[in-house]
Amino acid sequence: QKEVEQDPGPLSVPEGAIVSLNCTYSNSAFQYFMWYRQYSRKGPELLMYTYSSGNKEDGRFTAQVDKSSKYISLFIRDSQPSDSATYLCAMRSEGSNYKLTFGKGTLLTVNP
Amino acid sequence: ETGVTQSPTHLIKTRGQQVTLRCSSQSGHNTVSWYQQALGQGPQFIFQYYREEENGRGNFPPRFSGLQFPNYSSELNVNALELDDSALYLCASSPGQTRSYKYGYTFGSGTRLTVV
């Protein structure tokens, strides 16, 4: 079993839809959870950063962490064509020398 | 404030050759990590440098090696290239081990290496 599982999609939605992206993980030592957005031919760009369980909201983006279920989510409200990209979840444990463990990424297309 | 810059952007090498990839970290960042991203996969951690010392390594063989310089720039060296080394190599910097929890990591656009 991989440490981090993420459905690679692809996911295609109409403009304005609410998008839900998810990852599950197996390592209970993970404490820090991130979502990165990666456009084609670019490096990942940090979207959201959460410590431990709970919700975090930033504009149209909401990140949720449920450590009891080992499940994290990213919600995008009022999705825009400019949100079309690959979304990667990443996580790390305390004292892991700051190694990030990534999911495979989900390819999202928002159609105008 | 400049971001993370990597060079070259693209590279084609022959199996068995050696390659050096370069990274300039974001201003004020003293920690640099390298990741390998194969097509359709998430990035895989290779190693991390903090104050010119390697302080973490992923599951990569010794033919993957690196350096960090006093100005915090970094190099990734790969010897005896194999076809499976074809990937996007990403460099990420962060502002130090006590602050990266808040600020995360800034990634460069990567070097796309093709081994033929």
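To start, this report covers the structure provided alongside it. Just so it is clear, the structure is predicted and the values come from calculations on it, not from any experiment.

Remarks on the pattern of salt bridges
A complete count under the given rule lists seven salt bridges over all chains for this structure. A salt bridge links A:R37 to A:E45; the nearest nitrogen and oxygen atoms lie 3.2 Å apart. Given a relative accessible area of 12%, A:R37 falls into the buried group. Owing to a relative accessible area of 35%, A:E45 belongs among the partly exposed residues under this scheme. A:D83 serves as the salt-bridge partner of A:R60, at 2.9 Å between the closest nitrogen and oxygen. With A:R60 in the loop between β6 (54–58) and β7 (61–66) and A:D83 in the loop between β8 (71–76) and β9 (85–93), this pair connects stretches of sequence that are 23 residues apart. A relative accessible area of 26% means that A:R60 is categorised as partly exposed. A cluster of three or more residues bridged by salt bridges with shared partners is formed by B:R63, B:E82 and B:D85.

Section: the interface of chain A and chain B
Each partner contributes to the interface: chain A provides 19 residues, whereas chain B provides 22 residues. When chain A packs against chain B, close to 1,700 Å² is buried across both sides, 51% of that on carbon and sulfur atoms. Between chain A and chain B we count zero salt bridges in total. At the level of elements, β4 (30–38), β5 (45–51) and β9 of chain A are the ones that each hand at least two residues to the side of chain A that touches chain B. In terms of residue count, the dominant contributor to the side of chain A that touches chain B is β4(A) (three residues).

Re the sheet that holds strand β8 (residues 74–78) of chain B
Residues and elements named next belong to chain B. Read across the open sheet, the four strands follow the order β1-β3-β8-β7; overall the sheet is antiparallel. The two strands at the open ends of the sheet, each matched to only one other strand, are β1 (5–7) and β7 (64–68). Between one strand and the next, the sheet's axes are offset by a mean angle of 20°, whatever the strand orientation. Looking at chain direction, β1 and strand β3 (residues 19–24) are connected through three bridges and run antiparallel. Following the sheet pairing, S7 is matched in β3 by R22.

Some thoughts on the state of the cysteines
Following the criterion strictly, the structure yields two disulfides over all chains and no others. In this model A:C23 forms its disulfide with A:C89; the gap between the sulfur atoms is 2.0 Å. The sign of the -100° torsion about the S-S bond sets the A:C23-A:C89 disulfide as left-handed. Taken together, the positions of A:C23 in strand β3 (residues 19–25) and A:C89 in strand β9 put the pair 66 residues apart, joining distant regions of the chain. Assessed through its relative accessible area of 0%, A:C89 is described here as buried. Shown here is the disulfide that connects B:C23 with B:C91, its sulfur atoms set 1.9 Å apart. Across the disulfide from B:C23 to B:C91, rotation about the S-S bond amounts to roughly -65°, and the bridge is consequently left-handed. With a gap of 68 residues between them, B:C23 in strand β3 and B:C91 in strand β9 (residues 87–94) connect regions that are remote in the sequence.

So, the layout of surface pockets
Here the largest pocket is characterised by a volume of approximately 410 Å³. Lining the largest pocket are 19 residues; nearest its centre among them are A:Q38, A:T86, B:Q37, B:L39 and B:G40. Those elements giving two or more residues to the lining of the largest pocket turn out to be β9 and β11 (106–111) of chain A. In terms of residue class, the lining of the largest pocket is built from seven nonpolar, eight polar and four charged.

A look at unusual backbone geometry
With an omega dihedral of 10°, the bond running from A:G9 to A:P10 counts as a cis peptide bond. Of note, A:P10 is situated in the loop between β1 (4–5) and β2 (11–14). Residue B:P8 follows B:S7 across a cis peptide bond; omega there is -10°. Positionally, B:P8 belongs in the loop between β1 and β2 (10–13). Of note in this structure, B:A80 is not a glycine but carries a positive phi near 45°. Note on placement: B:A80 falls in the loop between β8 and β9.

Conventions adopted
Residue indices begin from 1 for each chain and proceed along its sequence in written order. To read the labels, note that chains go from A and ligands from 1, taken in the order they are written. Since the coordinates come from a predicted model, pLDDT governs what is reported: local features require at least 70, and pairs of side-chain atoms require 80 or more to be given and counted, while whole-chain, interface and lining totals use all residues. Computation of side-chain values: all heavy atoms of the structure, hydrogens and water removed. Should a side-chain nitrogen of Lys or Arg be within 4 Å of a carboxyl oxygen of Asp or Glu, the pair is scored as a salt bridge. Here's how the labels work: a residue is buried when its accessible area is under 20% of the maximum for its type, exposed when over 50%, partly exposed in between, all with a 1.4 Å probe on protein chains only. By the criteria applied, helices consist of DSSP H or I runs no shorter than four residues and strands consist of E runs no shorter than two, each listed in order from the N terminus. Should any heavy atoms of two residues lie within 4.5 Å, those residues are counted as being in contact. Summed over both partners, the accessible surface that disappears when two parts come together, traced with a 1.4 Å probe, is what is meant by buried area. Criterion used throughout: strands pair if DSSP finds at least two bridges between them. Only the stretch in contact is used when a helix axis is fitted, and all axes are lines through C-alpha atoms; the angle between N-to-C directions ranges over 0 to 180 degrees. The definition used for a disulfide is geometric: two cysteine sulfur atoms within 2.5 Å. The method works on a 1 Å grid over the protein atoms by themselves. A cavity is a set of points holding a 1.4 Å probe that cannot get out, a pocket is an open set with protein on both sides within 12 Å along at least five of seven lines, and residues with an atom within 4 Å of a point line them. Grid points are joined across faces, edges and corners, and a volume is the space filled by probe spheres set on the points. As a working rule, the residues Ala, Val, Leu, Ile, Met, Phe, Trp, Tyr, Cys and Pro are called nonpolar, Asp, Glu, Lys and Arg charged, and the rest polar, with Gly in that last group.

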